[in-house]
Amino acid sequence: RTEQGISEIHWSLGLARAAGGIPTEESPHIFRDDANLATPAKWRLEGNEYVILHPGSESSVPYKRWPVARFAKVAEALAWNGYTVVVTGRADEKALAGAFPKNDRCKLLFGQTTLDDLIGLVSFCRLLITSDTGPSHIAGALHRPCIAITGFADPKIYHPYPAPHRALYHPIPCSPCFGSAFDPRDCPYHSCLKTISVEEVLSHAEVLLANAKPPI
C-alpha cells in the first residue's frame, strides 16, 4: 500500500470488498445529534466568520506539530483580515496558548471542548488549519475546508477525505519516514515541517476561504 500510495480509506474498502462486503459509499460521515449540537452561540461566536487553528497533537508525537510560533503568525494575519480565530487543544496543551495574540479576535479554548463541542465548532467554521492529527479527519467527515500540515506521513495515504482540503507536504529526501525503518521520534530536525512557511499556509487559506461553502 505504501509503495502504491493508496489512501487508508480506499485500502480499508478494498479489504471489505475482498471479504465479501459491498460498500455503498466512500465518503466518511459523522452523524451529528443536531438537537444537542454545541453551536457557535455557546462560545459567543454567533454572527462571526471564524477559522479554527488546532496546533497540537498527541503529546507522544511532537514530530507531528508544525511550530506553534508559525500558527500564531497565521492567527495574527487572519485576525487582521477580519476573521475570528478559535484555537483548540487539550488541557495539557495550554502552554501553547502563550504564543497567540491576546485580543477579541482570538479565542483560546484549550481544555474547554469535548469531542461533541469540537464537532459543533468544526461544523460551522469557515476553515480548519491543523497539524497532522484527528481534527483534520473530523473536518473531512463534516465536509468543511481544511489545511492539514504534515511531514512524517505520506498525505496520499493519510490525508483528510473528502472535504475541500490542502495537505501541505514537502517531500524532502528523508520523508515520509512513517512506516520506514527510521523512528521519527529520534529525529532532532523536523525539517519536513519547518520547510512549510507561514506564507504558504496563508496562500492556501486565502483560496479555501474565498471558495468555502456555507456550513450545512
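Structure: above.
Calculation criteria
- Residues numbered from 1 in each chain as written.
- Predicted model: local features only at pLDDT ≥ 70, side-chain atom pairs only at ≥ 80, totals over all residues.
- Heavy atoms only, no water.
- Core = buried A, V, L, I, M, F, W, Y, C linked by side-chain atoms within 4.5 Å.
- Buried < 20%, exposed > 50% of the residue type's maximum accessible area, 1.4 Å probe, protein only.
- Contact = heavy atoms within 4.5 Å.
- Pairing = 2+ DSSP bridges.
- Helix = DSSP H or I, 4+ residues; strand = E, 2+ residues; numbered from the N terminus.
- Axes fitted to C-alpha atoms, helices over the stretch in contact; angles between N-to-C directions.

Draft legend 1. Quick peek at the nonpolar core. Core analysis: the largest hydrophobic core is formed by 29 residues, its most contacted members being Leu53, Trp66, Leu78, Phe100, Ile129 and Ile149. Other than its neighbours up to four places away in sequence, Leu53 contacts Phe71, Val74, Ala75, Leu78, Val85, Val86, Val87, Thr88, Phe100 and Ile129. The next biggest cluster of nonpolar side chains, apart from the first, holds 18 residues, and it includes Ile119, Leu121, Val122 and Ala139.

Draft legend 2. The arrangement of the sheet that holds strand β4 (residues 127-131) in detail. What the 6 strands build is an open sheet, ordered β3-β2-β1-β4-β5-β6; its pairing is parallel. The outermost strands of the open sheet, each flanked by one partner alone, are β3 (106-110) and β6 (165-168). In this sheet, neighbouring strand axes are inclined to one another by 15 degrees on average, regardless of whether the strands run parallel or antiparallel. By the bridge criterion, 4 bridges tie strand β5 (residues 146-149) to β6 in an arrangement that is parallel. By the bridge assignment, Ile147 is partnered in β6 with Arg166. Helix-sheet contacts for helix α3 (residues 115-123) involve β1 (50-54), β2 (84-89) and β3, and the interaxial angle to β1 is about 135 degrees.

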